[in-house]
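Notes for the structure review
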Amino acid sequence: MSNAVTPPPNAPKPKRPWFKKKRWWAVAIILLIIIVSPKGGKKEEAASVSPTTPSAVATTKAAAPTTQAAVPTPTKTATPAPPPPPPAPKVPVAYDSALTKASQYSSRMHMSKQGIYDQLTSQYGEKFAPDAAQYAVDTLKADYNANALAKAKEYQSRMAMSPAGIYDQLISQYGEKFTPAEAQWAVDHLAG
């Protein structure tokens, strides 16, 4: 048999000592933080040394000769930062698509600026709106002289055309639609 005494079911629980209660520890930690933390140490030091305190001002006035006027010290004014640049306007999807197509026509097919525009707006071609096609050809960074030269080399090697015939084909409204200056540059740079 066990000698342990069991308390009656309705008996009150024994009290815990004060140092074992949770609230006491929380209060003790908060008080410790308050006591240990600095109370604005740097601000107090600056205030005690600052010449704007009444005792410092009185001392300064007493030490300064009365015949001289106080010379104001120049203050530095902060230059405001320039405003950020406005965000770039968002390019419509159709414009971006037209630019992508224009880049493909220029790099793969070596087309002229007018030829690319016509292909982009053609009802049998890409069917872009004229403003999207114009944006594309204006924004495209293409070397149209190099495109004209590539076309001229194709005409020379595949069709054995004369330089005059190549020039006419390059500037033709039914052909490549290069400018006369671009066509002439291409013909002048043909080998042989």
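Residue positions are given per chain, counted from 1 along the sequence in the order it is written. Note on the predicted model: pLDDT of at least 70 is required for a residue's local features to be given, and 80 or more for side-chain atom pairs to be given and counted; whole-chain, interface and lining totals, by contrast, use all residues. Only heavy atoms go into the side-chain values, all of them from the structure, while hydrogens and water stay out.

Next up on the list: the overall build of the protein. When helices and strands are tallied, the protein shows 9 helices and 0 strands. Counting from the amino terminus, the protein carries its helices and strands in the arrangement α-α-α-α-α-α-α-α-α. A total of 192 residues make up the protein; the buried ones form 18% of that total. We call two residues in contact when some of their heavy atoms are within 4.5 Å. Counting only contacts in the protein whose residues sit at least 6 apart along the sequence, the fraction spanning at least 24 positions is 51%. Total accessible area computed for the protein in this model is approximately 15500 Å², and 62% of it derives from carbon and sulfur atoms. Each helix is a run of DSSP H or I of at least 4 residues and each strand a run of E of at least 2, with the numbering of both proceeding from the N terminus. Residue burial is assigned from relative accessible area. The probe radius is 1.4 Å, only protein chains are included, and a residue is buried under 20% of its type maximum, exposed over 50%, and partly exposed in between. The protein chains shown are the only cover counted for residues, whose accessible areas, like all others here, come from Shrake-Rupley with a 1.4 Å probe.

The nonpolar side chains of a soluble globular protein tend to be buried, and buried together. Residue types Ala, Val, Leu, Ile, Met, Phe, Trp, Tyr and Cys, when buried and joined through side-chain atoms within 4.5 Å, form a set referred to as a nonpolar core. Core analysis: the largest hydrophobic core is formed by 14 residues, its most contacted members being Ala102, Ile116, Leu120, Ala136 and Leu140. If you list the elements that add at least two residues to this core, you get helix 4 (93–109), helix 5 (113–121) and helix 6 (130–139). Setting aside anything within four residues of it in sequence, one finds alanine 102 in contact with Ile116, Leu120, Ala136 and Leu140.

Let us now look at the packing of aromatic side chains. Two rings belonging to Phe, Tyr or Trp (six-membered ring only in the last case) form a pair when the distance between their centres is within 6.5 Å. Interplanar angles under 30 degrees mark stacking, angles over 60 mark edge-to-face geometry, and anything in between is tilted. Across all of its chains, the model carries 1 aromatic pair by this definition. Ring geometry for tyrosine 95 versus tyrosine 135: centroids 5.1 Å apart, planes at 40°, classification tilted. Of the two residues, tyrosine 95 sits in helix 4 while tyrosine 135 sits in helix 6, which places them 40 residues apart along the sequence.

What follows concerns the pattern of salt bridges. Pairs can form between side chains of opposite charge once their charged atoms are near each other. A side-chain nitrogen of Lys or Arg and a carboxyl oxygen of Asp or Glu constitute a salt bridge if their distance falls within 4 Å. Applying the stated criterion to the full structure yields 4 salt bridges. The salt bridge partner of aspartate 138 is lysine 113, with a shortest N-O separation of 3.9 Å. One end of the pair, aspartate 138, is in helix 6; the other, lysine 113, is in helix 5, with 25 residues separating them in the sequence.

Residue placement: serine 162 occurs in the loop between helix 7 (144–159) and helix 8 (163–171). A C-alpha to C-alpha distance of 9.6 Å links serine 162 and valine 187, two positions 25 residues apart in sequence. Throughout this description, a polar contact denotes any pair of N or O atoms lying within 3.5 Å of each other; where both atoms belong to protein, one of them has to be capable of donating a hydrogen while the other can accept it, and for residues adjacent in sequence the pair is counted only when both atoms sit in side chains. For serine 162, the side chain forms a polar contact with the main-chain nitrogen of glycine 165, separated by 3.1 Å.

To continue, consider the environment of methionine 111. When you line up the elements, methionine 111 lands in the loop between helix 4 and helix 5. Among the residues examined, methionine 111 registers a relative accessible area of 12% and is labelled buried. Expressed as a C-alpha distance, the spacing of methionine 111 and alanine 150, which sit 39 residues apart in the sequence, is 9.3 Å. Contact partners of methionine 111, with chain neighbours within four places excluded, come to Tyr105, Ser106, Ile116, Gln119, Tyr144, Asn147 and Phe178.

Within the secondary structure layout, asparagine 147 lies in helix 7. Dropping the residues within four chain positions of it, asparagine 147 is found in contact with Ser106, His110, Met111 and Phe178.

Along the chain, the position of serine 112 falls in the loop between helix 4 and helix 5. Given the relative accessible area of 1%, serine 112 is considered buried. Of note is the side chain of serine 112, whose polar atom sits 3.0 Å from the backbone nitrogen of glycine 115. Polar contacts involving the side chain of serine 112 include one to the main-chain carbonyl oxygen of lysine 177, which spans 3.1 Å. Setting aside its immediate chain neighbours within four residues, serine 112 contacts Tyr144, Glu176, Lys177 and Phe178.

Candidates for patches are residues over 30% relative accessible area with no salt bridge; among them, like charges are joined within 9 Å and nonpolar side chains (Val, Leu, Ile, Met, Phe, Trp, Tyr) within 5 Å. A cluster of nonpolar residues, Ile30, Leu31, Leu32, Ile34, Ile35 and Val36, forms a patch on the protein surface that exposes about 630 Å² of accessible area. The topology assignment puts isoleucine 34 in helix 1 (residues 22–36). Of the residues examined, isoleucine 34 reaches a relative accessible area of 49% and is grouped as partly exposed.

Attention shifts here to the packing of helix 4 against helix 5. Contact geometry of helix 4 with helix 5 gives a least axis separation of 10 Å together with a crossing angle of 130°. With respect to helix 5, the axis of helix 4 lies oblique. At the point where helix 4 passes helix 5, the crossing takes the right-handed sense. In contact with Ala98, Lys101, Ala102, Tyr105 and Ser106 of helix 4, helix 5 contributes Ile116, Gln119 and Leu120. Only the stretch in contact is used when a helix axis is fitted, and all axes are lines through C-alpha atoms; the angle between N-to-C directions ranges over 0 to 180 degrees. Our angle categories are set so that under 35 degrees counts as roughly parallel, over 145 as roughly antiparallel, 65 to 115 as roughly perpendicular, and the remainder as oblique. Left-handed is the label given to a crossing in which the near helix is rotated counterclockwise from the far helix by less than a right angle, and right-handed is the label when the rotation is clockwise.

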